[in-house]
Amino acid sequence: MTNCGDLGWHSDADGYRYIDRHPETGAVWPAIPPRLKTLAMDAAREVGASFEPDACLVNLYAAAGKLNLHQDHDEKDYAWPIVSLSFGNSAVFALGGRKRRDPVREVMLRHGDVAVMHGPGRMLFHGVKRIVSQTAPLTHPTIPAGGRLNLTFRRAA
Ligand SMILES: O=C(O)CCC(=O)C(=O)O
Ligand SMILES: [Mn+2]
């Protein structure tokens, strides 16, 4: 897990929050690549959302990686969407309701997919149940064998 943008999402013993520097090196996060920022803003606009991301969380999943059901609620304003880009192997994405115990449906997020959580979808519980091996159309040195790369663009502050 790492970040680019003015702010990066971080979790440690003190909890979850956005911070403006890498917690180990003290360096500022690298800028969000301009073309990806534009892509995220365009995707948001397509579903009637508008934002300028100041944070991009980079999640690299190993073949056995998963992400527990959660809501993204550390951002200042939930009117801003979250835009997710997926690369590498597909993920079985779990999409629930506004309560943790609501029923969950499964959506496949494939290489190149763009997902936007916005409006009534912004605060839905979600997670990654599993990564589906052998589904990546190409391999890349930054994605471990059988793994997946996900970028989520957020406006945190
Ligand atoms: O990997 C994904 O598709 C989802 C990532 C996510 O929900 C998060 O980083 O908050
Ligand atoms: Mn999330």
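Residues numbered from 1 in each chain as written. Chains lettered and ligands numbered in written order. Predicted model: local features only at pLDDT ≥ 70, side-chain atom pairs only at ≥ 80, totals over all residues. Heavy atoms only, no water.

Trainee: Break down the coordination of the manganese ion (ligand 2) for me, with residues and values.
Mentor: Around the manganese ion (ligand 2), the protein contributes the donor atoms His70 (NE2), Asp72 (OD), Asp72 (OD) and His126 (NE2), which lie 2.1 to 2.7 Å from the metal centre. Coordination at the manganese ion (ligand 2) is irregular, judged from the six donor atoms that bind it and the angles of 50 to 166° they form at the metal. All donors of the manganese ion (ligand 2) belong to a single chain; written as a sequence motif, their spacing is H-x1-D-x53-H. In this pair, Asp72 sits in the loop between strand S5 (67-70) and strand S6 (82-88) while His126 sits in strand S10 (residues 126-132), placing the two residues 54 residues apart along the sequence. The two residues Asp72 and His126 agree in class, both being buried. (Donors = N, O, S within 2.8 Å, 3.2 Å for Na, K, Ca; no water. Tetrahedral: all angles 85-135°; square planar, octahedral: opposite > 155°, others 65-115°. Helix = DSSP H or I, 4+ residues; strand = E, 2+ residues; numbered from the N terminus. Buried < 20%, exposed > 50% of the residue type's maximum accessible area, 1.4 Å probe, protein only.)

Trainee: Run through the nonpolar core, naming residues and quoting values.
Mentor: Ranked by size, the top nonpolar core spans 16 residues in total, and within it Phe51, Cys56, Val83, Leu151 and Phe153 carry the most contacts. For this core, the elements supplying multiple residues, two or more each, are helix H1 (34-46), strand S4 (55-61), S6 and strand S11 (148-154). Listed in part, the nine residues of the second largest apolar core include Leu95, Met117, Leu124 and Ile131. (Core = buried A, V, L, I, M, F, W, Y, C linked by side-chain atoms within 4.5 Å.)

Trainee: How would you summarise H1 if you had to cite specific residues and measurements?
Mentor: Here H1 is 13 residues long and its end C-alpha atoms lie 18 Å apart, about the 18 Å a rise of 1.5 Å per residue gives. Every buried residue belonging to H1 is among Ala40, Ala43 and Ala44, and all of these are buried. Relative to the axis of H1, the buried residues are bounded by an arc of 100° and lie together on one face. Residues of H1 that are exposed and angled more than 90 degrees away from the buried face: Pro34, Arg35, Arg45 and Glu46. The secondary structure elements touched by the buried residues of H1 are S6, strand S9 (114-117) and S11. Gly48 sits one or two positions beyond H1 and adopts a positive phi of about 85°. (Expected span 1.5 Å × (residues − 1). Arc of directions from axis to C-beta. Contact = heavy atoms within 4.5 Å.)

Trainee: Before we move on, could you go through the environment of Thr152 and cite the residues and values that matter?
Mentor: Mapped onto the elements of the fold, Thr152 is located in strand S11. Looking at Thr152, the relative accessible area reads 8%, which means it is buried. Residues within four places of Thr152 in sequence aside, it is in contact with Ala55, Cys56, Leu57, Ile82, Val83 and Ser84.

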